[in-house]
Amino acid sequence: MANRNIRPYWCLCRKPFLFCLSFATVLVLPYLFFWGYAGKPVVNHVLLKEKIFSVIENQGSPSREHEDEASSLVESPFLDENGPADEKLERCHPNNVLLKVFMYDLPPEFHFGLLGWDGGGKSLWPDIRTKVPNHPGGLNLQHSIEYWLTLDLLSSRFPDRSGPCSVVRVEDSREADVVFVPFFSSLSYNRHSKIKAHQRVSTNKLLQQKLVRFLTAQKEWKRSGGRDHIIMAHHPNSMLDARTKLWPCMFILADFGRYAPHVANVEKDIIAPYRHLIKTFVNDSSGFDDRPTLLYFQGAIYRKDGGSIRQELFYLLRNEKDVHFSFGSVGANGINNASRGMHSAKFCLNIAGDTPSSNRLFDAIASHCVPVIISDDIELPYEDVLDYSKFSIFVRTSDAIKKGFLIKLIRGVSREAWTQMWQRLKEVEGYFEFQYPSKEDDAVQMIWQAVARKVPAIRLKIHKSRRFSQFNIRK
């Protein structure tokens, strides 16, 4: 019986060679076509992830050094912020992005309404294709990450989007990697934390109460216990009333200075940079001898908590001839003065204030002024992929307050060592720039990448929490 079944195929292959080749081609071609069609998006997706997750330590500028290499790996549908690269521009597809994000449609009072935008009850979101609501300046800007990340998500599904295609907003929360909460908490604190004459509770506190009630009632929160939710609380005093109720989520913070370790920690949360306030040093060709000030600091000198070291350093350094250490603020042309001062200094002090972090670090980076970081408990943005020791000097607080220690250390840095750090500052400055539209590897994209690196740990926690969920047994 076996021989009878095989014989027809055996006889067929004794036909002329071309007939057998044609028969084989008919069988194989559909598989090749299907593999090529289905495989291409997967390859692009893998290449995109490899590119975005590539370690940036000891490499060049965020978007310039590997520009040619990147274009050969992934065919980008975007040219630059001025518009699409070609007529076949397509929106960011969820299958081809690094991170899929579900964003709650919160009422405007939680986000752009805090900027004075009013949708007239017709829309929850402004039409940012026609006009982007302005963010208030001054000190409000340094904690404005909520504004930039929300703009990036809103624009992620525009068919004519001009910018990186690494994050996209999805409509179904079950498809999402994370859930984004668009509450402008820092702006809420800055503008509405004081109780007005007709109020018993501040607007900032009321918004937090509303937010807690809303989130804990959502199916998305219940499904994950809040572990996959992103809440922005960059100002140290933002979310002050709600943080202990929402602690399972991922916070995006400036530091951990005012958080209990179980509420916020480096394992689950993300440290994001401040938006620098001084002017970026464009086309900086200044060398070692072109910066006459050795060490620069301008800001509040008398601080509480960990910032008391500022006062001690002031008395140690104030009489040094090439050191600028003085009080300053954003008012009275303070930002312009600080810009000129930092642009003409070799080293800039970043000293702990009321909390471990300070905007001066990011002002120094934008000035290409080598940061001298004196803050024992500081946590730094993207430090899992970025080596700050290549462009910064770290000094322990206990050493900095020793008479003569700090100034001797700084004077001992050679011209060559300083020049290497100065060059590296120019290479990494793009990682700390907030802008809309967002650009490849700027601060917005670096934060999204940091979120993406947390996703596997989030999934692990969620999956472990479900181990016994299928057994709904009441004791």
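Figured I'd write up the structure that's included with this text. Model, not experiment: these values are computed from the prediction.

1. Examining helix α13 (residues 415-428)
Line of reasoning, step 1. For α13, spanning 14 residues, the distance from its first C-alpha to its last is 20 Å, which sits close to the expected 20 Å at 1.5 Å a residue.
Line of reasoning, step 2. The complete set of buried residues in α13 reads W418, M421, W422, R424, L425 and V428. An end-on view of α13 places all buried positions within 165° of arc, on one side of the element. Across α13 from its buried face, at more than 90 degrees, point the exposed residues E416 and Q420.

2. Examining the pattern of salt bridges
Line of reasoning, step 1. In total, this model carries 16 salt bridges according to the counting rule given.
Line of reasoning, step 2. One salt bridge connects R169 with D105, and the closest N-O pair in it is separated by 2.7 Å. Taken together, the residues span a long stretch of sequence, with R169 in strand β4 (residues 167-169) and D105 in the loop between β3 (99-103) and α4 (145-155) at a distance of 64 residues.
Line of reasoning, step 3. Here R169 falls in the buried class, since its relative accessible area comes to 10%.
Line of reasoning, step 4. When its relative accessible area of 43% is taken as the criterion, D105 is described as partly exposed.
Line of reasoning, step 5. Here R453 ties to D384 by a salt bridge, and the two come within 2.7 Å at their closest N and O atoms. Separated by 69 residues along the polypeptide, R453 in helix α14 (residues 443-465) and D384 in the loop between β12 (370-374) and β13 (393-394) bring together distant segments of the chain.
Line of reasoning, step 6. Judged by relative accessible area, D384 falls into the exposed class, the value being 55%.

3. Examining the sheet that holds strand β5 (residues 178-181)
Line of reasoning, step 1. Taken in spatial order, the six strands make up an open sheet running β4-β3-β5-β6-β7-β8, and their pairing is parallel. Only two strands of the sheet have a single neighbouring strand rather than two, namely β4 and β8 (270-271).
Line of reasoning, step 2. As paired elements, strand β6 (residues 229-232) and strand β7 (residues 250-253) share three bridges and run parallel to each other. Following the sheet pairing, M232 is matched in β7 by I252.

4. Notes on the state of the cysteines
Line of reasoning, step 1. The full count for this structure, using the stated rule, is one disulfide.
Line of reasoning, step 2. Between the sulfur of C348 and that of C369 lies a disulfide, 2.1 Å long from S to S. Disulfide C348 to C369: torsion about the S-S bond roughly 105°, handedness right-handed. Note that C348 is positioned in strand β11 (residues 345-351) and C369 in the loop between α10 (360-367) and β12, a separation of 21 residues in sequence.
Line of reasoning, step 3. A relative accessible area of 1% means that C348 is categorised as buried.

5. Focus on the pairing of β3
Line of reasoning, step 1. Taking burial as the measure, the five residues of β3 include four buried ones, the bulk of the element.
Line of reasoning, step 2. In this structure, β3 lies alongside β5, joined through three bridges in parallel fashion. Counted as the bridge partner of V101 is V178 from β5.

6. Some points on the packing of aromatic side chains
Line of reasoning, step 1. The final tally for this structure, using the stated rule, is 19 aromatic pairs.
Line of reasoning, step 2. Here the aromatic rings of Y274 and F362 are separated by 5.7 Å at their centres, their planes lie at 25°, and the arrangement is stacked. In this pair, Y274 sits in the loop between β8 and β9 (293-299) while F362 sits in helix α10, placing the two residues 88 residues apart along the sequence. We note that Y274, like F362, is buried.
Line of reasoning, step 3. By way of ring pairs, the aromatic residues Y274, F362, Y382, Y388, F391 and F432 are connected into one cluster.
Line of reasoning, step 4. Sitting above the plane of the F158 ring, R129 keeps its charged end 4.8 Å from the centroid.
Line of reasoning, step 5. Here the basic side chain of K346 rests over the ring of F288, its NZ or CZ set 4.8 Å away from the ring centre.

7. As for helix α5 (residues 185-192)
Line of reasoning, step 1. Buried within α5 are the following residues: S185, S186, L187, S188 and H192.
Line of reasoning, step 2. On its buried face, α5 is in contact with α4, α6 (203-217) and β6.

8. Quick look at the nonpolar core
Line of reasoning, step 1. Counting 116 residues, the largest nonpolar core has F325, F347, L349, L406 and W448 as the members making the most contacts within it.
Line of reasoning, step 2. Ranked by residue count, the leading element in this core is α14, at eleven residues.
Line of reasoning, step 3. Beyond its immediate sequence surroundings of up to four residues, F347 is in contact with L294, L295, Y296, C369, V370, V372, I393, I410, V413 and W418.
Line of reasoning, step 4. Counting residues in each nonpolar core, the second largest holds nine residues, with I278, Y296, M342 and C348 among its members.

9. Here we look at the pairing of β6
Line of reasoning, step 1. Neither face of β6 is left uncovered, since the one carrying H229 and I231 and the one carrying I230 and M232 both have all their residues buried.
Line of reasoning, step 2. Summarising the sheet, β5 and β6 pair through three bridges and their orientation is parallel. Across the sheet, V179 pairs through a bridge with H229, a residue of β6.

10. Re unusual backbone geometry
Line of reasoning, step 1. P437 follows Y436 through a cis peptide bond whose omega is 0°.
Line of reasoning, step 2. For P437, the position within the fold is in the loop between α13 and α14.
Line of reasoning, step 3. Positive phi values are uncommon outside glycine, yet M239 reaches one of about 55°.
Line of reasoning, step 4. Here M239 shows up in the loop between β6 and β7.
Line of reasoning, step 5. For N283, which is not glycine, the phi torsion reads 55° and is therefore positive.
Line of reasoning, step 6. Looking at the secondary structure, you find N283 in the loop between β8 and β9.

11. Thoughts on the environment of A457
Line of reasoning, step 1. For A457, the location among the structural elements is in helix α14.
Line of reasoning, step 2. Judged by relative accessible area, A457 falls into the partly exposed class, the value being 39%.
Line of reasoning, step 3. When the C-alpha atoms of A457 and E267 are compared, they prove to be 8.9 Å apart, with 190 residues separating the residues in sequence.

Basis of the calculations
- Residues numbered from 1 in each chain as written.
- Predicted model: local features only at pLDDT ≥ 70, side-chain atom pairs only at ≥ 80, totals over all residues.
- Heavy atoms only, no water.
- Helix = DSSP H or I, 4+ residues; strand = E, 2+ residues; numbered from the N terminus.
- Expected span 1.5 Å × (residues − 1).
- Buried < 20%, exposed > 50% of the residue type's maximum accessible area, 1.4 Å probe, protein only.
- Arc of directions from axis to C-beta.
- Salt bridge = Lys/Arg side-chain N within 4 Å of Asp/Glu carboxyl O.
- Pairing = 2+ DSSP bridges.
- Disulfide = S-S within 2.5 Å.
- Phe/Tyr/Trp six-rings, centres within 6.5 Å; stacked < 30°, edge-to-face > 60°.
- Lys NZ or Arg CZ within 6 Å of the ring centre and 35° of its normal.
- Contact = heavy atoms within 4.5 Å.
- Core = buried A, V, L, I, M, F, W, Y, C linked by side-chain atoms within 4.5 Å.

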